[in-house]
Amino acid sequence: MPKISEATVVEHREARRAALLDAARGLLTEQPDQVPGLGRVAERAGLSRSAVYHYFRSRDDLLDAVIADAFPRWEQRIATAMHGCTEPRDKVLAFVAVNLGLVADGEHALAQTLAAAVPTEEMARRARAFHDSLLRPVREALDELGVDDADAVVDLVNAVVLAAARRLESSGDLEEARRTVVGLLDPYLREQRPAQG
């Protein structure tokens, strides 16, 4: 029986799988124009190429796992930030801050790389569902503010964040990007009057 580095075989397998996902994520973030092969991922994780096949059947299987791992982590970061806010306006601004933080951390580039690397209808469907789930709390915050056409405003908030994300990717100045978006959105949000329950 091979030597394990964790307390149990299950924990050992989970640690190795997580190491492979981290390695794939790191390689994709560092070189977004190159989808790494299983050999490079194994090497980065400190494992043999054959060990990878105990966890993933193919490169596409590994990429699917990276996607399945990334989406909930991003969603959790946004949910945690927004949950800590009591005012709807602050929830929207927390959404902005976390999304720009994800861009600064390279997560947005990772999402773009994954979309290009796995251009399937299933990936597109999952990305749409994920995107909708990320925007749902913004929609709810706008409803709390009593915004008349919340769907249109959600689209506008998203467009402003995406434009700021593009600028951030080229400038690298997270604080400037955040300040610009808050400067645009905050006056509008402050003018809204919360819906009366």
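Here the structure is a predicted model, which means the values were calculated and not measured.

### Topic: the environment of Arg136
Considering the arrangement of structural elements, one finds Arg136 in helix α7 (residues 121-145). Spatially, the C-alpha atom of Arg136 lies 9.9 Å from that of Asp151, the residues being 15 residues apart in sequence.

### Topic: the nonpolar core
Ranked by internal contacts, the top residues of the largest apolar core, which has 37 residues, are Phe95 and Leu142. Of all the secondary structure elements, the ones that give two or more residues to this core are α4 (59-83), α5 (88-104), α7, α8 (150-171) and α9 (174-191). Once you skip the residues sitting within four places of it in the chain, Phe95 turns out to touch Ile78, Met82, Leu134, Leu135, Val138, Val157 and Val161. Membership of the second largest hydrophobic core comes to 16 residues, among which are Val41, Leu47, Ala51 and Val52.

### Observations concerning the confidence of the model for the chain
Across the chain, the average pLDDT comes to 85, with 87% of residues at 70 or higher. Ranking the elements of the chain by mean pLDDT puts helix α6 (residues 107-117) last with 67 and α9 first with 94.

### Considerations on the pattern of salt bridges
Across all of its chains, the model carries 15 salt bridges by this definition. Among the ionic pairs, Arg25 bridges to Asp69, the shortest N-O distance being 2.7 Å. Here Asp69 lies in helix α4 and Arg25 lies in helix α1 (residues 9-30), a separation of 44 residues in the sequence. Between Arg57 and Asp61 there is a salt bridge, with its nearest N and O atoms 3.7 Å apart. Residue class for Asp61 comes out buried when judged on its relative accessible area of 17%. One connected set of salt bridges, linked through shared partners, spans Asp22, Arg25, Asp69 and Arg73.

### Things to note about helix α2 (residues 38-45)
Along α2, the residues that are buried comprise Leu38, Val41 and Ala42. End-on view of α2: buried residues confined to an arc of 100°, all on one side of the axis. Phi for Gly46, located one or two positions after α2, is positive at around 80°.

### Side note on the packing of α5 against α9
The interhelical angle for the contact between α5 and α9, taken along N-to-C directions, is 160°, at an axis separation of 10 Å. The orientation of α5 relative to α9 falls into the category roughly antiparallel. The two elements α5 and α9 cross, and the hand of that crossing is right-handed. On α9, the residues that touch Arg89, Val92, Leu93, Val96, Leu100, Gly101 and Ala104 of α5 are Leu174, Ala177, Arg178, Val181, Val182, Leu185, Asp186, Leu189 and Arg190. Per-class residue counts for the contact of α5 with α9 are 11 nonpolar, 1 polar and 4 charged.

How each quantity is defined
Residues numbered from 1 in each chain as written. Predicted model: local features only at pLDDT ≥ 70, side-chain atom pairs only at ≥ 80, totals over all residues. Heavy atoms only, no water. Helix = DSSP H or I, 4+ residues; strand = E, 2+ residues; numbered from the N terminus. Core = buried A, V, L, I, M, F, W, Y, C linked by side-chain atoms within 4.5 Å. Buried < 20%, exposed > 50% of the residue type's maximum accessible area, 1.4 Å probe, protein only. Contact = heavy atoms within 4.5 Å. pLDDT = per-residue confidence, 0-100. Salt bridge = Lys/Arg side-chain N within 4 Å of Asp/Glu carboxyl O. Arc of directions from axis to C-beta. Axes fitted to C-alpha atoms, helices over the stretch in contact; angles between N-to-C directions. Parallel < 35°, antiparallel > 145°, perpendicular 65-115°, else oblique. Left-handed = near helix turned anticlockwise from the far one by under 90°. Nonpolar A, V, L, I, M, F, W, Y, C, P; charged D, E, K, R; others polar.

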